[in-house]
Amino acid sequence: MKTNAVVKSVALAAVLGLGLPACSTDGGDKGTTDNGSQAPVESTQAAENTENIFEIEDAWVKATQDEEGHDAMTGAFGHLANTTGEDLTIVKLNSDAADLLEMHETVDGMMREIDGGFEVKAGETLVLEPGGDHFMLMEMAEDINPGDVITVTVETDNGDTQDIDFEAREFVGAQENYGNIDDEHGGHGDHGEHGHDMESEDSGDGDH
Amino acid sequence: MTEAADTSSQPEPEKGQAGPKVSRRGLLFGAGVLGGGLIGGAAGYGVGSATAPAGAPAPESQVKKVTPGIANTTVNVSAPIGTDTIDFYGKRQAGVTTPVQAHGIFMGLNLLDRTDGDALQRMMRILSSDAARLTQGRGTLADLDEELAAAPARLTITFGFGEEIFARTKPELKPDWLKPLPKYGIDQLDPAYTGGDLLIKVAGDNPASVAHARRMMLKNVRAFASVAWIQTGFTQARGAHPEKTTMRNLFGQIDGTSNPHGEAQDRVVWGEGKGDGKGKQDLKPWLPGGTSMVIRRIAMNLDTWDELDRNAQEEVIGRRLGSGAPLTGKDEHDAPDFDATTEAGFPVISDIAHIRRSRTEDTDQAMFRRAFNYDDPPVTNTDLQEPHGQTGVSHSGLIFVAFQADVDKQFVPIQDRLAESDHLNLWTIPVGSAVFAIPPGCDQNGYIGEDLFA
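This write-up is about the structure you can find in this document. Since the structure is predicted, the reported quantities are computational estimates derived from the model, not experimental observations.

## Some words on the overall build of chain B
What chain B contains, in helices and strands, is 11 helices and 11 strands. Scored against the burial criterion, the 454 residues of chain B give a buried share of 54%. At a minimum sequence separation of 6, the contacts of chain B that also span at least 24 residues come to 77%. Only carbon and sulfur atoms are counted for the fraction: they give 52% of the accessible area of chain B, which is about 19400 Å².

## Some remarks on the pairing of strand E4 (residues 98-107) of chain A
Residue and element names in this part refer to chain A. Taken across its 10 residues, E4 has seven buried, putting it largely inside the fold. Where E4 meets strand E8 (residues 134-140), six bridges bridge the pair, whose relative direction is antiparallel. Paired with Met103 across the two strands is Phe135, which belongs to E8. In this sheet, strand E5 (residues 110-113) lies alongside E4 in antiparallel orientation, the contact comprising four bridges. Paired with Glu105 across the strands is Arg112, a residue of E5. Counted along the chain from E4 to the antiparallel partner E5, the turn is two residues long, and its residue Asp108 has a positive phi close to 55°.

## A word on the environment of Leu93 of chain A
All names here are of chain A. Secondary-structure assignment places Leu93 in strand E3 (residues 88-94). Between the C-alpha atom of Leu93 and that of Thr161, which follows or precedes it by 68 residues, the distance is 9.3 Å. Excluding its chain neighbours within four sequence positions, the residues that come into contact with Leu93 are Leu101, Glu102, Met103, Phe135, Val152, Thr153 and Val154.

## Some thoughts on helix H4 (residues 117-135) of chain B
Residue and element names in this part refer to chain B. Taking 1.5 Å as the rise per residue, H4 with 19 residues should run 27 Å; its terminal C-alpha atoms sit 26 Å apart, in good agreement. The element H4 is extensively covered by neighbouring structure, given that 16 of its 19 residues are classed as buried. Just downstream of H4, Gly137 is the residue with a positive phi angle, here 85°.

## Focus: the packing of H4 of chain B against helix H6 (residues 207-221) of chain B
All names here are of chain B. As a packed pair, H4 and H6 sit with axes 10 Å apart at the nearest point and diverge in direction by 165°. The orientation of H4 with respect to H6, classified from their angle, is roughly antiparallel. The way H4 lies across H6 gives a crossing that is right-handed. Residue-level inspection shows Met123, Ile126, Leu127, Asp130, Ala131 and Leu134 of H4 in contact with H6, the latter providing His212, Ala213, Met216, Met217, Asn220 and Val221. Classifying every residue of the contact of H4 with H6 gives nine nonpolar, two polar and one charged.

## Details of the side chain of Thr106 of chain A
When you line up the elements, Thr106 of chain A lands in strand E4. Here the side chain of Thr106 of chain A touches Gly132 of chain A through a polar contact of 2.9 Å, landing on its backbone oxygen.

## With respect to the pairing of strand E2 (residues 75-79) of chain B
Residue and element names in this part refer to chain B. With four of five residues buried, E2 is to be regarded as a mostly interior element. Here strand E1 (residues 62-66) runs beside E2; their pairing, made up of five bridges, is antiparallel. Bridge assignment links Gln62 to a residue of E2, and that residue is Ala79.

## A closer look at the nonpolar core
Met124, Leu127, Ile157, Phe159, Leu198, Ile200 and Met217 of chain B are the most contacted members of the largest nonpolar core, which totals 74 residues. A total of nine residues in this core trace back to one element, the largest contributor, which is H4 of chain B. In this view, Ile200 of chain B contacts Ile105, Phe106, Met107, Leu109, Leu127, Ile157, Thr158, Phe159, Met217 and Val221 of chain B; residues no more than four positions away in its chain are not counted. Counting 31 residues, the second-largest nonpolar core is a separate cluster that includes Ile56, Leu80, Leu93 and Met140 of chain A.

Parameters and conventions
- Residues numbered from 1 in each chain as written.
- Chains lettered and ligands numbered in written order.
- Predicted model: local features only at pLDDT ≥ 70, side-chain atom pairs only at ≥ 80, totals over all residues.
- Heavy atoms only, no water.
- Helix = DSSP H or I, 4+ residues; strand = E, 2+ residues; numbered from the N terminus.
- Buried < 20%, exposed > 50% of the residue type's maximum accessible area, 1.4 Å probe, protein only.
- Contact = heavy atoms within 4.5 Å.
- Areas by Shrake-Rupley, 256 points an atom, 1.4 Å probe, with all protein chains shown as cover.
- Pairing = 2+ DSSP bridges.
- Expected span 1.5 Å × (residues − 1).
- Axes fitted to C-alpha atoms, helices over the stretch in contact; angles between N-to-C directions.
- Parallel < 35°, antiparallel > 145°, perpendicular 65-115°, else oblique.
- Left-handed = near helix turned anticlockwise from the far one by under 90°.
- Nonpolar A, V, L, I, M, F, W, Y, C, P; charged D, E, K, R; others polar.
- Polar contact = N/O pair within 3.5 Å; in protein donor to acceptor, adjacent residues only side chain to side chain.
- Core = buried A, V, L, I, M, F, W, Y, C linked by side-chain atoms within 4.5 Å.

Structure representation (structure tokens):
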């Protein structure tokens, strides 16, 4: 319940990258549901319905470090709370920033594309985080620099779409997710894959 | 990181489990001391703490459960000292004339060559956004350690721009006074504490949240700029003295007594209004809500200062050490009488006393000081050449910080006089110096410095 209040009160600012004084002790939630539509809609997907599906909190994308750019991959994170009252499944992602987008889960430190997309039941929050579920962006058009905002359009099984803005931050964690595409779909986990070692350490240590 | 861990390990652990106990102990302690007549009253806290009357008893602190970010964990924080916040958004930036905190960190950064105007705009957006979050007790975006933000304790984060930021954005907005100070004969400036393109000031009463904010700011900045220098300082723990007690520097002097307040402050710092009407300068802010910051690192030679007796120390400044009163008065805020003479006909406040040299009739020639002490480990390795008269006991001084609307019209004339003749110069050496333009504040839809990118 506390989560919901926080989700709503910070959603807009987080999406716009404005930051917000959101002391979680506050209850100043007006139940607004207009955050997603604030994003300038430039998606290649003609969004027939970008009214809110999810309340968004702290949406961010890892800035890419790849000097070559074109083959860079990255992950997008945040909390997506389903406040529609219906069970939903995210079936498709689109973005101008990447030619290929996938929904990935992490199991035993191994990343793999999730079958059929992320299911988000009514009232639940999809948690996208480094080392866990995330949106994966591949075949990037350009580097994503810190402070850039990229828009990802999510499409649900009932055909609705929502544009979500992710603000880019330099981030040295979440490396396990992008290490080796060939391995990750194998999913054996029988030796120390990149992610597994990282994952067993505390993730807060990843910065230096 | 070690700094954060070390410092926070002292006051922090009590906060969670033993909050109420701490406060009870505090009250008992306070009562005992009051009986002895040492302290007039404990500090008054709360949102209105800045205006709390001196002598008001401390309210009992309460434990608040705070969720500082999306990991949805809970941290116990003591209210009001831990939970007190200072607004980030507003017409003026926080951290200039807002209440002084216990800990301050000043970071000078140099822009990378590749950081162009577009990159600077992105940088200021994310710095502003994360500063807004941290100062209100919330982790940043991509913050894996958001619990460290849970007790902001009046955290402020303030940004300043050096000349280079204007050169890469809107040179026409650069104030004329934004340049290095004139070279003074007393200066022994060390590049390690001088110059810089971007200033980030982080200050707060909780060393752990200050350290976290410092780190998150530097993480955000690293794609755009590199660290030129960092200066870490302190005033006095919140609650150690009644609110609004002027800080003491490490010479034991009450430091900052003559700071302007009210309308005088509006004019001196922000270039707004007429002040006391006695000013003779044409003061304007470089942008409405903007000001300037001069930061000077002043090495203080405590060991040769010790060679003076207290009377001599007081004559150097022109004030009493104990009360901070001018030698011609009784209370800290009494106006000094520069005409008063001793029976022998000598001025009571000497001709080279610091307070005489720093004043003029022109009340526009003034500044708002926000200094922090520094107390670094003494250099004991005799192979190292350490200047400034260190004797291996102390390596201390003042991070002198002054805000004023116009450096050339307000700060420089005073500094000229002090550099020319100030008794205090015998025990102090400026070893670092930088000047920054402090942009106005912003609202929730904006970011600090947006005028340079409009």
